[in-house]
Amino acid sequence: MVNYTDTVWMLIATALVMLMTPTLAFFYGGLVRKKNVLSVLMQSMIILSIISLQWVLFGYSLAFGPDIGGVIGGLDFVGLANVTMKPLEGQTIPHQLFMMFQMMFAVITPALIVGAFVERIKFSGFILFTLLWSTLIYDPMAHWVWGSGGWLADLGALDFAGGTVIHITAGVSALVFALMLGKRCGGGMGSSPHNLPFSVLGAGFLWFGWFGFNAGSALGVGNQTISAFLNTNTAAAAAASTWMILDWMINKKPTLLGVITGVVAGLVAITPAAGFVTPMASIVIGAGGSLLGFVFVTYVKEKFGYDDSLDVFGVHGMAGIFGALATGIFATKSIGGADGLLYGNPKQLWVQFLSVVVAIVFSAIGTYVIFKFVDKVVGLRVEKREENIGLDLTQHQETGYTLID
Amino acid sequence: MKYVIAVIRPHKLEDVKAELEKAGVHLMTVVDAVGCGRQKGVTEIYRGVKEVDNLLRKIKIEVAVNEEYLEPTIEAITKGAYEGNIGDGKIFVMGLEDCVRIRTGERGKPAIG
């Protein structure tokens, strides 16, 4: 039976999550050099288009179709066949709405990876990589964790809104991609953001959209929805302050970039836990995700010298891993899901750990293979000359800003 | 005829303009610039990565003057831009070959003022 209150909320939540992709575009766009701003915005906008289509054509079917062997969803829903207005079992919203809500997650996940290869990616290779990655990595992963019959779901893995499915996969894939692609030419590892205000706008709207991302994952309106909403805000707040304090102590000045990075880290960390933990736990989860992100972004990246340009692994990967494990510690059935370690159920932490490892290994190997293939067939990196001129002009023949009118 | 180029701190522009007005110099071109001299540079920090010796924001004022206005112009700019610290700026004086007023076609001394 369709519950129209749930439906109204889920329509709004779907729109909120959709907003996050163009917003992410600006978050990333502000952080790169002027000559590459359009390329970054373009990548997000075109992912929105391509994956929206891929999803209704076959992505949704692979991810959420009737289970085959716990591994994949099959082809029953290809072209939205059998996807009607009638709710799926256990849900109260039209099936097509559930499909659309999930679409927005499928869209934003590859958009996150963009941060690893900005300023040097070849557009054609990028498109092919994105299509293959979504189909071969995201869709199966979504099925394993969220599909009914998915093997990780059957084991009891908890991932409320996609800490594992979205952030760990994107983060790890980003790391592998960055390692294989190589650093930006000259002056790469730390050029100033050309428009930090863009990035702040981005972060603000990401925080806003994340209410749809997390609270919407309740798939309706109820106590769990409220909990997820509150947890999301609380974690983001704790994370922002944590990063600011760390920045102040270690880098001597509180930075705006630090605060907005912290915000994202906190939102990522609470994503798998949002519907399962208490608000007080959210403070710990947000702060912890932020701290871990800070360490990786500040020390680990420099030590190992990889150019994960916009810290996709440092923020999404690490905070996602932390959040997934924290879920195993702090989850309580009184809010939702299952009990975690703190409530006398150590097994949950073990299942979380397993799902984290699976996500890491699957994403890493999958990205490696897809990268090699696409690089061979189309190529993934632009020439040095093109990189120096900038992607906006060389890949799109456009400039973001005019100097004189 | 001389061409005067002055590099000053951005926030001193209004003071310099006021002093130039007092000296009877009303015509100028102002450009945004980055640069450094003995001031070394500024350090910015983004996600923990320090960028040292970044060029500082400056303002470049360019004025074409007739001989008799040269010293008053230099004095005015100096007075307006002075703070007493490294980074106050510099004034460069160059000889000016010719000057043309586009609207009337006047050349030389009359065209400058």
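Residues numbered from 1 in each chain as written. Chains lettered and ligands numbered in written order. Predicted model: local features only at pLDDT ≥ 70, side-chain atom pairs only at ≥ 80, totals over all residues.

J.: Just checking my understanding: could you explain the overall build of chain B for this structure?
T.: What chain B contains, in helices and strands, is three helices and six strands. Put simply, chain B runs from its N terminus to its C terminus through helices and strands in the order β-α-β-β-β-β-α-β-α. At 17 Å, chain B has a C-alpha radius of gyration far larger than the 13 Å of a compact globule built from 113 residues. Sorting the 113 residues of chain B into buried and exposed places 21% on the buried side. Taking the contacts inside chain B whose residues are at least 6 apart along the sequence as the reference set, 70% of them involve residues at least 24 apart. (Helix = DSSP H or I, 4+ residues; strand = E, 2+ residues; numbered from the N terminus. Rg over C-alpha atoms; globule rule 2.2 N^0.38 Å. Buried ≥ 20, exposed ≤ 12 C-beta atoms within 10 Å, placed from the backbone. Contact = placed C-beta atoms within 7 Å.)

J.: What am I meant to see in the interface of chain A and chain B here?
T.: One widely used convention gives an interface's size as the accessible area the parts lose upon coming together. Facing 12 residues of chain A, the contacting portion of chain B comprises seven residues. Of all the elements in the fold, those that place two or more residues in the side of chain A that touches chain B are helix H9 (256-270) and helix H10 (279-304) of chain A. A per-class count over the side of chain A that touches chain B returns four nonpolar, six polar and two charged. (Nonpolar A, V, L, I, M, F, W, Y, C, P; charged D, E, K, R; others polar.)

J.: What's the story with H10 of chain A in this structure? I'm lost.
T.: For an α-helix, 3.6 residues make a turn, and residues three or four places apart therefore share a direction. All names here are of chain A. For H10, which comprises 26 residues, the first-to-last C-alpha distance of 36 Å matches the rise-based estimate of 38 Å (1.5 Å per residue) to within 8%. At Phe296, H10 shows its maximal bend, which comes to roughly 35 degrees. Following H10 by one or two positions, Gly305 adopts a phi angle in the positive range, close to 70 degrees. (Expected span 1.5 Å × (residues − 1). Bend = angle between axes of the 7 residues up to and from the residue.)

J.: Help me understand the packing of helix H8 (residues 223-251) of chain A against H9 of chain A in this model?
T.: Axes are the key here: two packed helices are described by the angle between their axes and the distance separating the axes. All names here are of chain A. In the contact formed by H8 and H9, the axes pass within 7 Å of each other and the chain directions differ by 140 degrees. One way to sum up the angle between H8 and H9 is to call them oblique. Seen along the crossing, H8 lies across H9 with a hand that is right-handed. Contacts between H8 and H9 involve Asn231, Thr232, Ala235, Ala236, Ala238, Ala239, Ala240, Thr242, Trp243, Met244 and Asp247 on the former and, on the latter, Gly258, Val259, Thr261, Gly262, Val263, Ala265, Gly266, Leu267, Ala269 and Ile270. Residues belonging to the contact of H8 with H9 are distributed by class as follows: 13 nonpolar, seven polar and one charged. (Axes fitted to C-alpha atoms, helices over the stretch in contact; angles between N-to-C directions. Parallel < 35°, antiparallel > 145°, perpendicular 65-115°, else oblique. Left-handed = near helix turned anticlockwise from the far one by under 90°.)

J.: Looking at this structure, I do not really get the sheet that holds strand S6 (residues 89-95) of chain B. What am I missing?
T.: Strands belonging to one sheet form pairs held by backbone hydrogen bonds; the direction of such a pair is parallel or antiparallel. Residues and elements named next belong to chain B. Ordered by their spatial adjacency, four strands build an open sheet running S2-S5-S1-S6, and the pairing between neighbours is antiparallel. Among the strands making up the open sheet, the edge pair consists of strand S2 (29-35) and S6. Here the average twist between neighbouring strands, direction ignored, is 20 degrees. Pairing between strand S1 (residues 2-8) and strand S5 (residues 56-65): seven bridges, direction antiparallel. By the bridge assignment for S5, Tyr3 is matched with Ala64. On the sheet, helix H2 (residues 67-81) packs against S1, S5 and S6 and is oriented at approximately 5 degrees with respect to S1. (Pairing = 2+ DSSP bridges.)

J.: Just to check I follow, could you spell out helix H2 (residues 37-64) of chain A for this structure?
T.: Taking 1.5 Å of rise per residue, the 28 residues of H2 of chain A would be expected to cover 40 Å, yet its terminal C-alpha atoms sit only 35 Å apart, more than 12% below that figure. Along H2 of chain A, the largest kink reaches about 70 degrees and is centred on Trp55 of chain A.

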